[in-house]
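Here is what each chain is made of, one letter per residue.
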Amino acid sequence: MIAEAGLAALWLAAALAGLQLVLAAIGLRLDATRPATGDGPGVGAAEIMAAVRPVAIVQGLLALLAMALLIALFVRSDMSVQLVVANSHSDKPLLYKFSGAWGNHEGSMLLWVTILGLAGTTIAIVERRLPRATLIATLGAQAAIALGFYAFLLFSSNPFARLSPAAPDGQGLNPLLQDPGLAFHPPTLYIGYVGISVAFSFAVGALITRDVGPAFARAMRPWVLGAWIFLTLGITAGSYWAYYELGWGGWWFWDPVENASLMPWLAATALLHSVSVLATRDGLRAWTVMLAVVAFSMSMVGTFLVRSGILTSVHAFAVDPTRGSFILALLLLYIGGALLLFGLRIGTVRQGSTFELISREGALVANNLLLSVILGIVLIGTLYPIVAAAFGVQLSVGPPFFDKAAGPVALLLVAVMAVGPLLRWRRDDGQAALERMMLPIAVAALAMAAVFIVTGGIAILPFLGLGLAAGLAAASVAPLWKRNLRRTPLFTWGMVIAHLGIAVSLAGMASDSAFTKETLVAARVGEPHRVGPYTVRLDGISPVIGANWSALQARLSVRRGDDGAWFVLRPQSRFFSSPPTTTSESAIATRLDGQLYTVLGAPDGEGRWQLRLWWKPFVTFIWLGGALIALGGALSLLGRVRRDRQAVLREAYR
Amino acid sequence: MSVSYIRHPGFNPGSKVPHEQPAVGVRPVGSRIKSGMTAVIVALLLATPALADSNLPPARYANTQLRDPAKEQQARALMATLRCLVCQGQAISDSDAEMAGDMRSLVRTRIAAGESPKQIRDSLIASYGEYVTYDPPFNALTAPLWLLPLILIGIGAWLARGLFRRQRS
């Protein structure tokens, strides 16, 4: 019964989304055609529009109910449900039964639409400052987006489909996914994607009601900021997850799935900066709307592209090519529709206030441009193999291309990012700006000199990366100089910390790529091996049994230098029987200045065991930086929301 | 990660004796483990066809570095740009697949023999097509890809030019 109830809830939610769209459309039409003499919307329009909010609220709650019922099916291991059989097993630990509900195609789509529905519920409840027509148009746009997802779920990916006769037990979840990372990583990214689609819905609302201005930007900004925080967290966590789970010490592979999550982040980052200019300075109107369209398109690409099966990936867990055509149709419909609306209405957006080239706005435009260029490189690089295939050539576009093409642009962006916050709004003097930049420039030069002297020269990209990271770190805290720190607004702190996070992360990336030490050995028991400053000795191999896996576990005694204290690391090679898979569980020792990463490989048949050892100086900075970026975003969001609330209160008491 | 690795039929790594076709089976390991664990481990290994591509031990340099750090560095950089042809989008430096191991061994053997990374890449492209390199060579088909950053920056600058007021002199 649970499965049937879930399906019923899903159908009802879909029907309400349809109703929400129709009501919003009729309401807006009536509102637009009301007699010019009347003040306020006509009676019919007001009543119809008033119905949209409750419908949006109930739609979200029904989607949540469907998701809850799916989770219940997984937790109870109901083997009469196809999805549970295909992706779960009664022996699985409870956490993975729970998270297994979204560790598959159908469940993840349901999660997506649930979050979307709940976002609609939230807007319907909390958003009070937008003009009503714009808000209703926004909710209508949300319903339109949701309808596509409901149709997709109900017609080609029903998560509640029964299996008759019921299976004796499930086929298990991909062991790579049996990790706490799965419990949090996809929902985090999905909240990000959905947040962007909400921002896009606001843009649609503003375009439909011809109301692109600061009010719309202020309503949209928290959603962009929130989405961006979650995307940042999702990507950071996903990167660390891949790093320790895949077992080769890599943290970013420029793989289509990773690119699919990076592109919405790049677009959201650009949008975030642009929407701030629109909200506070009333500039960059058309840009903001365009970036909202791009960001939405990218979040759709992020959600769907990998699932369509036209690209292969290390992370593609939920591919089913038979759904490909449905997905591509949906993608075309969404992106095409968004672009069409943009093309039709952008003429009605008046130009906002203007500014000079050397100004804060100018730097933000450069930021938007460079982010868009990187986005374009990632997008086209990811899709190019398909283009080449059309010409009959099988082509691979991978890390070397992205490093060479996007790397320099990213470094240029970092330079702009260092300068931007030190410029004045609207108009600044180049000479004075240069003087303000002297200290960061000196720090960057010193850092590069130090790196050169200590290492005797490293590859050019990491070299510039380290220098720029140092300069950016200095420049990003510069806005706090000579300020009363306690009276500095929270969103300024947010900017400072987020920019600092980029510097930290960049330093980690550059350090990892320049200074990593690798040792690959076939080790005999008792034999010491060196990696970086560490000595690693294989003490022995022993079997270990887990809940639904068994493993060979190496005992490695490790010490730093010649007189450090010994400690033990235990990398495993894990065997899962359902489905039959082997995974490497790396054992990582984290120190302040980096990580020692150890992996147990296969035996060589002569009593030796393959060990893969890496010493990765400051690699943790990559994710520490990511966390700082997200923290900066959160402070900014908090500061903005607080200030906006104060503004609302002031208006209310006026 | 893909569960079954299919050996590429045309792959013949250097001077090594060609492998047999993959057979799902057990690596000859169980017999060398201390007897106390044997039963458990044999049971474990029987349940793990994923790594059991063939009955042979891995190629010589599949997981062993070259003695000369400079050469190993060269080999490592090259391996990171070569695609494992039987995996789901992994470089041969990041893959557990047996073929990736064979290709790593091939790269290290030829680097040790004094070949340049470019020569090795070119010869791999000659045998397997451009699919094998993650660093697409510049030609008529890939020119738009490589010129992309410049094209995009140009378009962006053109779009942005209307935003700025003339600088006052």
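Residues numbered from 1 in each chain as written. Chains lettered and ligands numbered in written order. Predicted model: local features only at pLDDT ≥ 70, side-chain atom pairs only at ≥ 80, totals over all residues. Heavy atoms only, no water.

### Concerning the overall build of chain B
Along the backbone of chain B there are 5 helices and 0 strands. Burial analysis of chain B (169 residues in total) assigns 46% to the buried set. Long-range contacts, defined as pairs at least 24 residues apart, comprise 62% of the intrachain contacts of chain B with a sequence gap of at least 6. (Helix = DSSP H or I, 4+ residues; strand = E, 2+ residues; numbered from the N terminus. Buried < 20%, exposed > 50% of the residue type's maximum accessible area, 1.4 Å probe, protein only. Contact = heavy atoms within 4.5 Å.)

### Side note on the overall build of chain A
Helix and strand counts for chain A stand at 18 helices and 10 strands. The globule rule puts the C-alpha radius of gyration for 654 residues at 26 Å, and the 27 Å found for chain A is close to it. C-alpha atoms of chain A, sized along the principal axes, occupy 90 × 80 × 55 Å. Expressed as a percentage of its 654 residues, the buried residues of chain A come to 58%. Residue pairs in contact within chain A that sit at least 24 positions apart in sequence constitute 73% of those at least 6 positions apart. For chain A, the exposed area adds up to about 25400 Å²; of that, 66% sits on carbon and sulfur atoms. Chain A carries 48 positive and 34 negative side-chain charges, and their two centres are separated by 9 Å. (Rg over C-alpha atoms; globule rule 2.2 N^0.38 Å. Areas by Shrake-Rupley, 256 points an atom, 1.4 Å probe, with all protein chains shown as cover. Lys, Arg positive; Asp, Glu negative; His and termini not counted. Charge placed at Lys NZ, Arg CZ, Asp CG, Glu CD.)

### Some points on the pattern of salt bridges
All names here are of chain A. Applying the stated criterion across every chain yields a total of 16 salt bridges over all chains. K616 serves as the salt-bridge partner of D512, at 3.0 Å between the closest nitrogen and oxygen. Here D512 is found in helix 17 (residues 490–515), whereas its partner K616 is found in strand 10 (residues 609–617), with 104 residues between them in sequence. Overall, the relative accessible area of 4% leaves K616 in the buried class. For the salt bridge of E606 with R608, the shortest nitrogen-to-oxygen distance reads 3.9 Å. The network of salt bridges with common partners includes E4, D78 and R162. (Salt bridge = Lys/Arg side-chain N within 4 Å of Asp/Glu carboxyl O.)

### Description of the sheet that holds strand 10 of chain A
Residue and element names in this part refer to chain A. Judged by pairing direction, the sheet is antiparallel, and its 4 strands sit side by side in the order 1-10-9-8 without closing on themselves. With one partner strand each, in any of the chains shown, strand 1 (517–523) and strand 8 (587–591) form the two edges of the open sheet. Neighbour-to-neighbour, the strand axes of this sheet turn through a mean angle of 15 degrees, independent of strand direction. Set on the sheet, helix 17 makes contact with strand 1 and strand 10; between it and strand 10 the angle comes to about 135 degrees. (Pairing = 2+ DSSP bridges. Axes fitted to C-alpha atoms, helices over the stretch in contact; angles between N-to-C directions.)

### Some words on the packing of aromatic side chains
Residue and element names in this part refer to chain A. A full pass over the atoms with the stated rule returns 21 aromatic pairs over all chains. Aromatic side chains F149 and Y334 sit 6.1 Å apart centroid to centroid with 25 degrees between the ring planes, which places their arrangement in the stacked category. A residue pair is termed long-range when its members are at least 10 positions apart, and F149 in helix 6 (residues 132–156) and Y334 in helix 11 (residues 324–345) qualify at 185 residues. The buried category is assigned to F149, whose relative accessible area is 0%. Consider the rings of Y240 and Y244, whose centres lie 5.4 Å apart with planes at 65 degrees: the pair is edge-to-face. Residue Y240 and its partner Y244 are located together in helix 8 (residues 214–246), separated by 4 residues, close to a single helical turn. Pairwise contacts between aromatic rings join Y240, Y243, Y244, Y597, W614 and W623 into one cluster. Over the ring of F567 we find R591; its NZ or CZ atom is 4.7 Å from the centre of that ring. It is R612 that lies over the ring of W248; its NZ or CZ is 3.5 Å from the centre. (Phe/Tyr/Trp six-rings, centres within 6.5 Å; stacked < 30°, edge-to-face > 60°. Lys NZ or Arg CZ within 6 Å of the ring centre and 35° of its normal.)

### What to know about the domain arrangement of chain A
Residue and element names in this part refer to chain A. Domain annotation of chain A identifies domain 1 (1–178), domain 2 (210–416), domain 3 (437–515 + 622–630) and domain 4 (518–618). With centres defined by C-alpha atoms, the gap from domain 3 to domain 4 works out at 33 Å. Carbon and sulfur atoms make up 40% of the surface buried where domain 3 meets domain 4, a total of about 360 Å² over both sides. Its largest share of buried area at the contact with domain 4, domain 3 owes to S511, D512 and F515, together 74% of the area lost on that side. Counting across the domain 3 and domain 4 interface gives 1 salt bridge. Elements with a contribution of two residues or more to the side of domain 3 that touches domain 4: helix 17 and helix 18 (620–653). For the side of domain 3 that touches domain 4, the element with the most residues is helix 17, which contributes 4 residues. Tallied by class, the residues present in the side of domain 3 that touches domain 4 amount to 3 nonpolar, 2 polar and 1 charged. (Domains from an automatic or database assignment. Buried area = accessible area lost by both parts, 1.4 Å probe. Nonpolar A, V, L, I, M, F, W, Y, C, P; charged D, E, K, R; others polar.)

### Quick look at unusual backbone geometry
Residue and element names in this part refer to chain A. Of note, the bond from S164 into P165 is cis; its omega dihedral lies within 30 degrees of zero at -5 degrees. Residue position: P165 is located in the loop between helix 6 and helix 7 (180–208). Phi angles above zero are rare outside glycine, and S77 is one such case at about 50 degrees. Tracing the sequence through the fold places S77 in the loop between helix 2 (43–75) and helix 3 (82–87). Classification of S77 as buried rests on a relative accessible area of 14%. Located in the positive-phi region is W254, a residue other than glycine, with phi close to 50 degrees.

### Some thoughts on the pairing of strand 7 (residues 580–585) of chain A
Each regular strand shows side chains that alternate between the opposite faces of the sheet. All names here are of chain A. For strand 7, the tally of buried residues reaches 5 of 6 residues, placing the bulk of the element in the interior. Two elements, strand 6 (residues 572–577) and strand 7, share 6 bridges in a ladder whose sense is antiparallel. Pairing of S577 across the sheet is with P580, part of strand 7. The antiparallel pairing of strand 6 with strand 7 creates a hairpin that spans 2 residues between the two strands.

### Here we look at helix 13 (residues 399–419) of chain A
The end-to-end C-alpha distance of helix 13 of chain A is 29 Å, a good match for the 30 Å that 21 residues give at a rise of 1.5 Å each. At A406 of chain A, helix 13 of chain A shows its maximal kink, close to 35 degrees; a proline, P408 of chain A, follows between one and four residues later. In this structure, the buried side of helix 13 of chain A is in contact with helix 9 (256–281), helix 12 (360–390), helix 16 (460–477) and helix 17 of chain A together with helix 5 (143–160) of chain B. (Expected span 1.5 Å × (residues − 1). Bend = angle between axes of the 7 residues up to and from the residue.)

### Brief notes about the side chain of S261 of chain A
Relative to the assigned elements, S261 of chain A resides in helix 9. Separated by 2.9 Å, the side chain of S261 of chain A and the backbone oxygen of E258 of chain A make a polar contact. (Polar contact = N/O pair within 3.5 Å; in protein donor to acceptor, adjacent residues only side chain to side chain.)

### Some thoughts on the environment of F149 of chain A
A C-alpha to C-alpha distance of 24 Å links F149 of chain A and L266 of chain A, two positions 117 residues apart in sequence. Not counting chain neighbours up to four residues away, the residues in contact with F149 of chain A comprise M109, W112, V113, M300, T303, F304 and Y334 of chain A.

### Digging into a nonpolar patch on the surface
The grouping of F138, L147, L150, I151, I155, W158 and L159 of chain B at the surface amounts to a nonpolar patch, some 760 Å² of accessible area in total. Judged by relative accessible area, I151 of chain B falls into the partly exposed class, the value being 42%. (Patch = residues over 30% accessible without salt bridge, like charges linked within 9 Å, V, L, I, M, F, W, Y side chains within 5 Å.)

### Observations regarding the side chain of Q65 of chain B
Within the fold, Q65 of chain B resides in the loop between helix 1 (35–46) and helix 2 (69–79). Owing to a relative accessible area of 17%, Q65 of chain B belongs among the buried residues under this scheme. From its side chain, Q65 of chain B meets the backbone oxygen of E518 of chain A in a polar contact 2.9 Å long. Within the structure, Q65 of chain B has its side chain in polar contact with the backbone nitrogen of L520 of chain A (distance 2.7 Å). When residues no more than four places from it in sequence are discounted, the contact partners of Q65 of chain B are E518, T519 and L520 of chain A together with E72 and R108 of chain B.

### Observations concerning the packing of helix 13 of chain A against helix 16 of chain A
All names here are of chain A. Interhelical geometry of helix 13 versus helix 16 gives an angle of 20 degrees and a closest axis separation of 9 Å. When the axes of helix 13 and helix 16 are compared, the pair comes out roughly parallel. The handedness of the crossing between helix 13 and helix 16 comes out as left-handed. Where helix 13 approaches helix 16, its residues D403, G407, P408, L411, V414, A415, M417 and A418 are matched on the opposing element by L461, L464, G465, L468, L472 and A475. Among the residues forming the contact of helix 13 with helix 16, the class breakdown is 11 nonpolar, 2 polar and 1 charged. (Parallel < 35°, antiparallel > 145°, perpendicular 65-115°, else oblique. Left-handed = near helix turned anticlockwise from the far one by under 90°.)

### Examining the environment of R128 of chain A
Residue and element names in this part refer to chain A. Position of R128 relative to the elements: it lies in the loop between helix 5 (105–126) and helix 6. Judged by relative accessible area, which is 60%, R128 ranks as exposed. Along the backbone, R128 and A219 are 91 residues apart, and their C-alpha atoms lie at a distance of 9.3 Å.

### Observations regarding the pairing of strand 2 (residues 528–531) of chain A
Residues and elements named next belong to chain A. Along strand 2, the buried face is formed by H529 and V531; none of P528 and R530, which line the opposite face, is buried. Relative to strand 3 (residues 534–545), strand 2 is paired through 4 bridges, and the arrangement is antiparallel. Looking at the pairing, P528 lines up with R537 of strand 3. In this structure, the hairpin formed by strand 2 and strand 3 is closed by a connection of 2 residues, where G532 is found at a positive phi of approximately 55 degrees.

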